[in-house]
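Here are the chains, one letter per residue:
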Amino acid sequence: MVPHLITALTGPINELEQRMLESVPAIERWFRLEWMEHTPPFYTSVDLRNAGFKLAPVDTNLYPGGFNNLTPEMLPLAVQAAMAAIEKICPEAKNLLLIPEKHTRNTFYLSNVQRLVQIFATAGLNVRLGTLDDSITEPTELSLADGSTLTLEPLVRTKRRLGLKHFDPCTILLNNDLSAGIPSVLEDLHEQYLLPPLHAGWAVRRKSRHFESYEEVAKKFAKLLGMDPWLINPMYSVCDEVNFQEGTGSECLEAQVDALLNKIRRKYKEYGINEKPFAIVKADNGTYGMGIMTVRDAKEVVELNRRTRNKMSVVKDGQEVNRVIIQEGVPTYERINEAVAEPVVYMIDRYVVGGFYRVHAERGVDENLNAPGSSFEPLAFAEPTQLPRPGLKPGASAPNRFYMYGVIGRLAMLAASYELEATDPNAEVYA
């Protein structure tokens, strides 16, 4: 299943696909060398946008939900990658404590937790669920849509370790993005591996820092392939001290949006792209598609209505927005059954394990698709013929197109590893 690109501008993306297929040995060697120097995040999902003239990541999640949207055929890949990841970190690992989000009544999210339990249990670990929710004081069963159940247990903290009653794990896996801050129960653990590390959570992490790292990675990769890094990299800028409720900081926002739209226009002119540029303004931290708006003209940010101001002023867990990233808008011209779609690539350790299309029939090509009403279609990574097939006409082969998505997804994951190294509070500083 290759979604059709309904645009005349498929030329460059097919050229990019062709260039990647011709360079598979060089690309894979380049990644191998990078992974010798850098540690991949434990697991990652990356939202991509394919404009036909450009393919770029627009969001990188280090606490991915949505594993339930991967097809059963993708599971062996996920299990193998999980085995490799655990072996590297704690080869003698026996017990894994998985800490999910606190809003665990959401049945779709619970299906994701169930799938993670399945992956790590099949990889050879005893998996139990602990919760940061203080209201859960004894083991609590949660029902899933398929009739099965999950048991959430209260965490037990000793002076140096975290676990559950009669359960002492070597590894603690967070599937909670820490938007509300870092709970003290997770701090100062000894001889236990906490994955991802605390500074990967949204209490510390910033999207602008990630895309700064991604720009560095994109330039290196573009040099390897002899191409313009803009074809795989969304331009961006940042505004501090924005208060949507009070309407302050809008001068900074207007100036930055105007400057970015002008930069995009120049690039469009260079490539003969007949499109109206747009920018995406979003909270510099946070997830779940909250605090995001599309801007097509700088004046729009001054004339925001109350509803939009309210929407932009807080993100998940009621965190106030006072810093935003203004990102080059990458339209998506992929369609599934005439609905706008974007690919999402999933990785465990340094391996692509699958993905899906996020599809939204009510949204336009220049809007955020991570919104109520979206649905998910599995990617064709699930086909047995998922290895790239050189020689096929670009744009005609699902495995080839998904190899390209996997490459861009891995570039974003590599950028996340650069980002985590740069923001690690425990990193040694060399004079």
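What you see is a predicted model; the values in this text were computed from it and never measured.

Caption draft 1: Fine view of unusual backbone geometry. Cis rather than trans, the peptide bond between L195 and P196 has omega equal to -20°. Its place among the elements puts P196 in the loop between β11 (193-195) and α5 (207-225). Positive phi values are uncommon outside glycine, yet D188 reaches one of about 55°. Along the chain, D188 turns up in the loop between β10 (171-175) and β11. The backbone of D349 shows a phi angle near 55°, a positive value even though the residue is not glycine. Note on placement: D349 falls in the loop between β17 (339-348) and β18 (351-360).

Caption draft 2: Representation of the packing of aromatic side chains in the model. In this structure the tally under the stated criterion is 15 aromatic pairs. Ring centres of F53 and W230 lie 6.3 Å apart, and the angle between their planes is 15°; on these two criteria the pair is classed as stacked. Taken together, the residues span a long stretch of sequence, with F53 in the loop between β2 (43-50) and β3 (55-61) and W230 in the loop between α5 and β12 (236-239) at a distance of 177 residues. Between F356 and F376, the aromatic rings sit 5.0 Å apart at their centres with planes inclined by 80°, giving edge-to-face as the arrangement. Here the residue F356 occupies a position in strand β18, and F376 occupies one in strand β19 (residues 375-378), the gap between them amounting to 20 residues. Chaining the aromatic ring pairs together yields one cluster made of F42, Y43, F67, F120, Y346, F356 and F376. Residue placement shows K207 over the ring face of W202; its charged tip is 5.5 Å from the ring centre.

Caption draft 3: Seen up close, the state of the cysteines. One pass over the full model with this rule turns up two disulfides. Note that C90 is cross-linked by a disulfide to C170, the S-S spacing being 2.0 Å. On the criterion of sequence distance, the pair formed by C90 in the loop between α3 (75-89) and β4 (95-100) and C170 in the loop between β9 (162-163) and β10 is long-range, its members being 80 residues apart. Two residues, C239 and C252, share a disulfide whose sulfurs are 2.1 Å apart. The chirality of the disulfide connecting C239 with C252 is left-handed, given an S-S dihedral of about -110°. Of the two residues, C239 sits in strand β12 while C252 sits in helix α6 (residues 250-271), which places them 13 residues apart along the sequence. Look at the protein and number its bonded cysteines as they come in the sequence; the links are 1-2, 3-4.

Definitions and cut-offs
Residues numbered from 1 in each chain as written. Predicted model: local features only at pLDDT ≥ 70, side-chain atom pairs only at ≥ 80, totals over all residues. Heavy atoms only, no water. Helix = DSSP H or I, 4+ residues; strand = E, 2+ residues; numbered from the N terminus. Phe/Tyr/Trp six-rings, centres within 6.5 Å; stacked < 30°, edge-to-face > 60°. Lys NZ or Arg CZ within 6 Å of the ring centre and 35° of its normal. Disulfide = S-S within 2.5 Å.

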